[in-house]
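Understanding the architecture of this molecule
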Amino acid sequence: MSDKTLQSFNIYQFQEHLIDWFVDQQRDLPWRKNKDPYKVWVSEIMLQQTKVDTVIPYFHHFMKKFPTVHDLAMAEEQEVLKAWEGLGYYSRARNLHQAAKDVVEKYDGVIPSNPKELGALKGIGPYTKGAILSIAFMQEEPAVDGNVMRVLSRLLKIEDDIARPKTRKRFEQIVRDMISGANPSHFNQALMELGALICTPKSPTCLLCPVMEHCRAFHSGVEETLPIKSKAKKPKLETFVVLLIKDKDHTYMIEQRPTDGLLANLWQFPMVPLKEVGLENLELWFFTEYGFHISLQDQIGERRHVFTHLIWDLKIYEARVSGKMEGKKDFIFVESEALHTYPFPVSHKKIMEYIEQDD
DNA sequence: AAGACGGGGAG
DNA sequence: CTCCCAGTCTT
């Protein structure tokens, strides 16, 4: 035992109470029907930063479309992004796709069961590695996510800032000590399930908790003040003009975003950074940027879209093609009925509502 | 260690 | 509206 936090903590009785509760009370979730490593992998990637209820329909659709790691490896990235559309953090989809190709090429389609090779795959960090190793391969590895840090902070009354990278490492060592001798799959999933159902961020239902008697925060009455977490800084505001550029054939201009950064490789209506360009210079700026002329028409709406680190203020304008099109940049004109075949960020999906149906 | 990277739900 | 949630990669 390398962390004295667990001195005088009854690990084996804790394991029994926790796992008995989990076996009895766990939710019936689609990725719990078997322990196919591919399904465990996909579900764990989807569940990063994302609620179970949101993930369920995406998981069903994804498994129908890409039933095996081979199917995923063979797919076009655009298909994978389309299946991910609306789920957010799209680098997860691109990394999962790349990793599936690597698994097929390097490991003949067999997902590696050792920590080193598994953890080297794109998008598989310490948490996901531990989750796959414990759930699919029954190895005694920690899988420390936000639920686990919250549960253990309270259980052991640990006041370290869970926003710090160092804190996760401490919890990993604690789990290594606590998981010993237990069913690794049940133990890790039980900690996370407890965090989701009982030991919730606000107003935890301690009176229903199967490990209440083990919980140091509950005994001290401080469960509501844990875990300690430093706050994120405020997102900064960015203002854009979004152009719904209609061609004479009832088609609209869309473009693909860059291969790196925010919403990489997704499609969008052209966006003009308003602060830098200014409404007066917009048409000239557009010609310089895209190589053909438009005429700006009326503003037809405005939306705010909030990301973790920034806010988009989107002023939606109609525009018309008014010049020859000899494109400098990559863009296409697409019939309004066909827009839905391209992966768009949620913000631009909502902008599609401003397009009239009867044109 | 700090910042980039989405989107949804609760109150 | 405001607040909360939080894995991995990059720098």
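Above: the structure in question.
In this text, all values refer to a predicted model and were calculated from it rather than measured experimentally. Within any chain, residue numbers begin from 1 and follow the written order of that chain's sequence. Chain letters start at A and ligand numbers start at 1, both assigned in the order the entries are written. With the structure being a predicted model, the display of local features is reserved for residues of pLDDT at least 70 and the display and counting of side-chain atom pairs for 80 or more, all residues being used for whole-chain, interface and lining totals. For the side-chain quantities, the full set of heavy atoms in the structure was used; hydrogens and water were omitted.

The next thing to look at is the protein's contact with DNA strand C. Around DNA strand C lies a shell of 20 residues, among which Gly123, Gly125, Thr128, Asp145 and Gly146 are the nearest. When the atoms of DNA strand C within 4 Å of the protein are sorted by group, sugar and phosphate make up 63%. We call two N or O atoms a polar contact when they sit within 3.5 Å, provided that within protein one can donate a hydrogen and the other can accept it, with sequence-adjacent residues counted only if both atoms are side-chain atoms. Contacts to DNA strand C include Gln49, whose side-chain N or O atom sits 2.9 Å from a base nitrogen. Within the backbone of Tyr127, a nitrogen or oxygen atom sits 3.0 Å from a phosphate oxygen of DNA strand C. Each residue is tested against the molecule or strand, and it is near if at least one of its non-hydrogen atoms lies within 4 Å.

Here the focus is the side chain of Arg154. Relative to the helices and strands, Arg154 resides in helix α9 (residues 146–155). Among the polar contacts listed, one links the side chain of Arg154 to the backbone oxygen of Glu223, at a separation of 2.9 Å. Contacts of Arg154, omitting those with residues within four sequence positions, involve Cys199, Thr200, Pro201, Pro204, Cys215, Arg216, Ala217, Glu223, Leu226 and Pro227. Numbering goes from the N terminus for both helices and strands, where a helix is a DSSP run of H or I of at least four residues and a strand is a run of E of at least two. Throughout, a residue-residue contact means that at least one pair of heavy atoms, one from each residue, lies within 4.5 Å.

This part takes up helix α3 (residues 52–65). By definition here, a helix of n residues has an expected span of 1.5 Å times n minus one. For α3, which comprises 14 residues, the first-to-last C-alpha distance of 20 Å matches the rise-based estimate of 20 Å (1.5 Å per residue) to within 8%. Only protein chains enter the accessibility calculation, which uses a 1.4 Å probe. A residue is then buried if its area is under 20% of the maximum for its type, exposed if over 50%, and partly exposed in between. Among all positions in α3, only Val52, Val55, Tyr58, Phe59, Phe62 and Met63 are buried. As for α3, its buried residues are in contact with α2 (37–47), α4 (69–74), α5 (77–84) and α6 (91–107).

This part covers the protein's contact with DNA strand B. Near DNA strand B you find 18 residues, and of these Gln49, Tyr89, Tyr90, Leu263 and Thr308 are the closest. Among atoms of DNA strand B positioned within 4 Å of the protein, sugar and phosphate together represent 61%. Take Thr50: an N or O atom from its side chain is 3.4 Å from a base nitrogen of DNA strand B. In this structure, Tyr89 approaches DNA strand B through a main-chain N or O atom, which is 3.1 Å from a sugar or linking oxygen. Polar here means any residue other than Ala, Val, Leu, Ile, Met, Phe, Trp, Tyr, Cys and Pro, which are nonpolar, and Asp, Glu, Lys and Arg, which are charged; Gly is therefore polar. Tallied by class, the residues present in the surface near DNA strand B amount to 8 nonpolar, 8 polar and 2 charged.

The next thing to look at is the nonpolar core. Nine residue types can take part in a nonpolar core, namely buried Ala, Val, Leu, Ile, Met, Phe, Trp, Tyr and Cys, and a core is a set of them joined through side-chain atoms within 4.5 Å. Of all hydrophobic cores here, the largest spans 97 residues; its most connected members are Tyr38, Trp41, Phe62, Phe187 and Phe269. Here Trp41 is in contact with Val69, Leu96, Ala99, Ala100, Val103, Ile111, Ile124 and Ile132, once residues within four sequence places are set aside.

This part takes up the state of the cysteines. Disulfide: a covalent bond formed between the sulfur atoms of two cysteine residues. Note that a disulfide, as used here, is simply two cysteine sulfur atoms within 2.5 Å. Counted according to the given criterion, the structure contains 0 disulfides. Lacking any disulfide linkage, Cys199 is separated from the closest cysteine sulfur, that of Cys215, by 6.5 Å. The buried category is assigned to Cys199, whose relative accessible area is 10%. The thiol of Cys215 is unpaired, and the distance to the nearest cysteine sulfur, on Cys206, comes to 6.1 Å.

The side chains of a regular strand alternate between the sheet's two faces. Summarising burial for strand β6 (residues 310–321): 9 of the 12 residues are buried, a large majority. Note on pairing: two strands pair once DSSP finds at least 2 bridges between them. With 11 bridges connecting them, strand β1 (residues 236–246) and β6 associate as parallel partners. When the sheet's bridge partners are listed, Phe240 is paired in β6 with Leu314. Bridge count for strand β5 (residues 294–306) against β6 is 10 bridges, and the pairing is antiparallel.

Bear in mind that shape data such as this cannot, by itself, settle questions of function.
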